[in-house]
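Here is how the chains run, residue by residue.
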Number of protein chains: 2
Amino acid sequence: MRWSSFYHRASRVFNEYPSFSKSVIVCTVISSGGGLGLVAYGDAVQSSSDNAKERKKKVVILGTGWAGTSFIKSMKSTSYDIHVVSPRNYFAFTPLLPSVTCGTVEARSIVEPIRNISRKSGVNIEFSEAECYKIDPKNRKVYCRADPEKKMGGIEDFSLDYDYLVIAMGAKSNTFNTPGVQEHAFFLKEVDDALRIRQKVVDLFEKASIPSIPVEEKKKLLSFVIVGGGPTGVEFAAELHDFVHEDLSKLYPSLKSYVKITLLEAGDHILNMFDKRITEFAETKFKRDGIDVKLGSMVIKVSEREISAKDRVTGKVGSIPHGMVVWSTGVGPRPEIVEFMKQVGQSNRRALATDEWLRVEGSDNIYALGDCATINQRKVMEDIASIFSKADKNNTGKLDVKEFHGVVDDIIERYPQVEIYLKKNQMKDIATLLKFSQESSVTVDIESFKSALSNVDTQMKNLPPTAQVAAQQGAYLADCFNRMETCEQYPEGPLRFRGTGRHRFHPFRYKHFGQFAPLGGEQTAAQLPGDWISIGHSTQWLWYSIYASKLVSWRTRALVVSDWGRRFVFGRDSSRI
Amino acid sequence: MRWSSFYHRASRVFNEYPSFSKSVIVCTVISSGGGLGLVAYGDAVQSSSDNAKERKKKVVILGTGWAGTSFIKSMKSTSYDIHVVSPRNYFAFTPLLPSVTCGTVEARSIVEPIRNISRKSGVNIEFSEAECYKIDPKNRKVYCRADPEKKMGGIEDFSLDYDYLVIAMGAKSNTFNTPGVQEHAFFLKEVDDALRIRQKVVDLFEKASIPSIPVEEKKKLLSFVIVGGGPTGVEFAAELHDFVHEDLSKLYPSLKSYVKITLLEAGDHILNMFDKRITEFAETKFKRDGIDVKLGSMVIKVSEREISAKDRVTGKVGSIPHGMVVWSTGVGPRPEIVEFMKQVGQSNRRALATDEWLRVEGSDNIYALGDCATINQRKVMEDIASIFSKADKNNTGKLDVKEFHGVVDDIIERYPQVEIYLKKNQMKDIATLLKFSQESSVTVDIESFKSALSNVDTQMKNLPPTAQVAAQQGAYLADCFNRMETCEQYPEGPLRFRGTGRHRFHPFRYKHFGQFAPLGGEQTAAQLPGDWISIGHSTQWLWYSIYASKLVSWRTRALVVSDWGRRFVFGRDSSRI
């Protein structure tokens, strides 16, 4: 039972680019200045400042990860008082975290102070470095603490009112309650994690160099075990292999033969969210590199010096001595989110459920984005009667081609699974599905309508907890906030099938731009839209250029590129600082 | 009594470039493989390896700071088995530590793995990352521990035999037993210290930004107190001022007016080891910058939120609330050194006393360099009878000009204070001092000889605990080791006045190349040999170029220069990582 849940979660997480998983929590609350309408916009606000200030709605954002930062960067409207709360005063470009673990890129090169980002956005954004420890949706308040050690005699606690709250607090590493993981394993979600790993790797090499250490012990110290064959685990294994063979082997020549890298994956393959060709290439490359990939291996316990895993097929339990375990098997909800989910009646879920407009279900002024949230896509079959009756304008109980064409775009926009279903079944359009021919005399009744659409809901998919999703959600939501007033007056969304009029906004739609899996030795695999596969050295250069271009500022861009250059010239640094 | 001692120590320390004070401990022990003579040298060693190995003398070096690293870099002889032991596996370019505190330069840019340095030296050098916790001179052994937390069940402890031991373990920050300093103040000796300061500064700005913090509290949080007006304290104050005014004021505009930087100096002036013109310039500049310099202010207590100091003139005790205290008042001996000093009968000293050849007094195979050691220069007056009798070749009880000229060079080499005395009294040479005229008939008896030289010992000076001294000592000692065999046969040193023959080596002689005091705002003061003073922007560029050229490797050189460039373009980063 526990294992099936482990698989389920692990596969969900690993189906994405793991290094894109957000490492910083962002939650924004947009709280209104007292229920007044948004009347003053843009430059107008500047002119009658006092008056305008009263009218400004308060937005509080919790978190400065991909979702929160993307929201901040895209905010253009000056009609809000925005307050960002996060325990980290910087945004981190998390896809490069595995590179930080071995010093290919410096930690400081991938972070940007959130105040720099907000200053450049041109809108009024305040930032407080604090953790939100409680959300009170009833009184529209969030409670925050600036000092987790509570050393300031109470003044470190404060609360903020909001009109709108944007929860973008991310998720935490999921241990699946495996004993010993929290105590003995290293994670790879935050900048601090990456720095800790970097120190530990060098520390292990130094320890293994001590003259009094017997060979058996050297081998134990230099046994690195990575749990989780998703992109993060795979990239870390590859980075570590390169670090050992390109740099450390020169400085610790006598230790090279004792190093062992083991990758434990509970599923049948590593990188199982990628195309089979990529998986095969990666497994072959790792074998050649001497990285021991153990598939179907489910970790049951981690102790200080050993890790125990069970073979999924034979059921046999084996132990591997280790100097270091890196745990990278996906994400789970943070305790604050779990608490909040209880308050809004979502206690049995794995993440905060929102509607397609990223609004937390059961709330109209709280939004949730990124890894802490999941979109609860409405099923066609739940609304089938409403859709039919809305389409059947003349109430005949039959749908003709004309009536149908009046709602088809709205159906497709409101229920994206329809389009996926059509594509999957190689149908040109929804009319084909309903067997409407060119003749306008054909009609469809509710039963045929139901049966034609009965299978489309099977195509509903949860979005992966990746940086790409979070960033797009942040930008989408900011865009909605920017155009709130206009869209109240001129709604642009699809028809409200169960109500009247139209939705204010188009629902959020995720665009997948593909994903990378760096495999070490200057080789990368990429799966791009349209199932285009690319593997090898040229893909590494594609990776370099895309990542450089995606970096948050010119400063980080310059730093990361110079880090790469430095690594080519001087290798990675192994000073233990 | 305590205060006079404070002054004494503080002035000794501040008379040098404080940022040059070594932050890493290096101790090298050269231990012989069993007392066999050094017979095989250079290439010859390679040919009869087994035989040669037995003959190689074992050198153990404790520490990887300026002295130890300079020793390693200068070792060329392959006749030794060299083993370096240090708790830090890297060398740090400590003069740039104040720049690291504010992110002007990155920590990783100023460090170089010791294994990289030793690999490039071309001689056989082993390194162990461990602390030496006991030296046993009787059995020629050092006891080391690889893991200070003793978590490895005993195998972290090991001992090394030596034929020669080089102690270069540096010193620790001196708190002069002021209550609360150890617990509440920040130091600035190690890379870790600099990183902690950097985090704390940003942390204080973030705390002061919290909405619930009252203005009074904001002012307390942003009150930075620096104790010690030596070059390190002054440079840190200047860096902090620049960081606040050039970078943080943009990101925390509302806090700028609450920032207060206070510099407490117990003496009459800051930078009192420099020329008066530099001191005056610095004090005026700091006043203009709003840095509050309190002279004659002796700290008596540091608590978590307050620092108390006594005015040396009025005796009044005042308190300053602080968010952070940086303590930079000089160095004291490390506990391991204190323990060793007891063993060799030097318990009443402040540092390990060595002779002019850097050999620990009372030992013939242990050397001590850098901040942990002090050279006990032999006095002329102690040896005056021996000198006279050695000079008086024909035992007449009178010295004629010819006899005198036979020993004059040796006297000057053996007792450098003679030359300083002559220079100070504007005498051409020692013959002038002895009132030898051109006539060769003039003779001098022992009493006139004594009285002529009676004041020269007043010119004896301890060397400052600076990087410059340590680096020169390391290079000097390595050179002695490189030429040990040759110099045994053909001694090159001065006459042994109290023995027969000559000393093997020239005694160590320090060459002062001047020192810098960066004052912020792209201005630096420099005092160069020949009392050449230079202050201003051009001196800052001189500083940039000299520091860049002095860096230990091309890698660190490239990194530091690119850090400087980055700072000019993008400013300093304030992400709290």
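Residues numbered from 1 in each chain as written. Chains lettered and ligands numbered in written order. Predicted model: local features only at pLDDT ≥ 70, side-chain atom pairs only at ≥ 80, totals over all residues. Heavy atoms only, no water.

Focus: the interface of chain A and chain B
(1) Moving on: Counting residues at the interface gives 54 residues for chain A, matched by 54 residues for chain B.
(2) Moving on: Carbon and sulfur atoms supply 61% of the area that chain A and chain B bury against each other, a total of about 4,600 Å² over both sides.
(3) Moving on: The tally of links between chain A and chain B comes to 10 salt bridges.
(4) Moving on: Between Arg108(A) and Asp573(B) there is a salt bridge, with the nearest N and O atoms lying 2.9 Å from each other.
(5) Moving on: The tally of links between chain A and chain B comes to 26 residue pairs in polar contact (both at pLDDT 80 or more). (Contact = heavy atoms within 4.5 Å. Buried area = accessible area lost by both parts, 1.4 Å probe. Salt bridge = Lys/Arg side-chain N within 4 Å of Asp/Glu carboxyl O. Polar contact = N/O pair within 3.5 Å; in protein donor to acceptor, adjacent residues only side chain to side chain.)

Observations regarding the relation of the copies chain A and chain B
One copy of the chain maps onto the second through a rotation about an axis and a displacement along it.
(1) Moving on: Superposition record for chain A on chain B: RMSD 0.1 Å, screw rotation 180 degrees, translation along axis 0.0 Å. On this basis, the relationship between the two copies can be described by a two-fold rotation axis. Identified as the residue of chain A closest to the rotation axis by C-alpha distance is Ser562(A), at 4.4 Å.
(2) Moving on: A shared interface surface links the copies, since 98% of the contact residues of chain A are contact residues in chain B too. (Least-squares fit on C-alpha atoms with pLDDT ≥ 70 in both.)

Re the packing of aromatic side chains
Residue and element names in this part refer to chain A.
(1) Moving on: Applying the stated rule across the entire model yields 44 aromatic pairs over all chains.
(2) Moving on: Arranged with centres 6.5 Å apart and planes meeting at 55 degrees, the rings of Tyr 164 and Tyr 367 form a pair that is tilted. Of this pair, Tyr 164 sits in strand β10 (residues 164-167) while Tyr 367 sits in strand β22 (residues 366-368); the two residues are 203 residues apart in sequence, bridging distant segments of the chain. Grouping residues by exposure puts Tyr 164 and Tyr 367 together as buried.
(3) Moving on: Here a set of aromatic residues connected by ring pairs shows up, and it is made of Trp 66, Phe 91, Phe 93, Phe 516, Trp 541, Trp 543, Tyr 544, Tyr 547, Trp 564 and Phe 568. (Phe/Tyr/Trp six-rings, centres within 6.5 Å; stacked < 30°, edge-to-face > 60°. Helix = DSSP H or I, 4+ residues; strand = E, 2+ residues; numbered from the N terminus. Buried < 20%, exposed > 50% of the residue type's maximum accessible area, 1.4 Å probe, protein only.)

With respect to the pattern of salt bridges
All names here are of chain B.
(1) Moving on: Scanning the model with the defined rule gives 72 salt bridges over all chains in all.
(2) Moving on: A salt bridge links Arg 378 to Asp 383; its shortest N-O distance comes to 2.8 Å.
(3) Moving on: Under the relative-accessibility criterion, Arg 378 is labelled partly exposed at 23%.
(4) Moving on: Assessed through its relative accessible area of 1%, Asp 383 is described here as buried.

Examining the sheet that holds strand β27 (residues 523-528) of chain B
All names here are of chain B.
(1) Moving on: Reading across the sheet, the 3 strands line up as β26-β27-β28 and stay open at both edges, with antiparallel pairing between neighbours. Both edges of this open sheet fall to β26 (515-520) and β28 (532-536), since each of them pairs with a single strand only. The sheet shows a mean angle of 10 degrees between the axes of neighbouring strands, direction not considered.
(2) Moving on: Bridging between β27 and β28 involves 5 bridges; their strand directions are antiparallel. When the sheet's bridge partners are listed, Ala 525 is paired in β28 with Ile 535.
(3) Moving on: Taken strand by strand, helix α20 (residues 537-550) contacts β26, β27 and β28, and its axis lies near 70 degrees from that of β27. (Pairing = 2+ DSSP bridges. Axes fitted to C-alpha atoms, helices over the stretch in contact; angles between N-to-C directions.)

With respect to the nonpolar core
(1) Moving on: In this structure, Val142(A), Ile167(A), Phe205(B) and Phe481(B) are the most contacted members of the largest nonpolar core, which totals 131 residues.
(2) Moving on: Counting 130 residues, the second-largest nonpolar core is a separate cluster that includes Ile82(A), Leu240(A), Val85(B) and Ile366(B). (Core = buried A, V, L, I, M, F, W, Y, C linked by side-chain atoms within 4.5 Å.)

Considering a nonpolar patch on the surface
(1) Moving on: Side chains of Trp541(A), Phe568(A), Val569(A), Phe570(A) and Trp554(B) sit close together on the surface and give an oily, nonpolar patch of about 620 Å² of accessible area.
(2) Moving on: One can find Phe570(A) in helix α21 (residues 554-570). (Patch = residues over 30% accessible without salt bridge, like charges linked within 9 Å, V, L, I, M, F, W, Y side chains within 5 Å. Areas by Shrake-Rupley, 256 points an atom, 1.4 Å probe, with all protein chains shown as cover.)

Some points on the UniProt feature "domain: EF-hand" (unreviewed entry) in chain A
(1) Moving on: Mapped onto the present numbering, the UniProt feature "domain: EF-hand" (unreviewed entry) falls at residues 379-414 of chain A.
(2) Moving on: Taken end to end, residues 379-414 of chain A is 61% helix and 8% strand, and its two terminal C-alpha atoms sit 10 Å from one another. (UniProt positions renumbered as here; feature names shortened; annotations may be inferred.)

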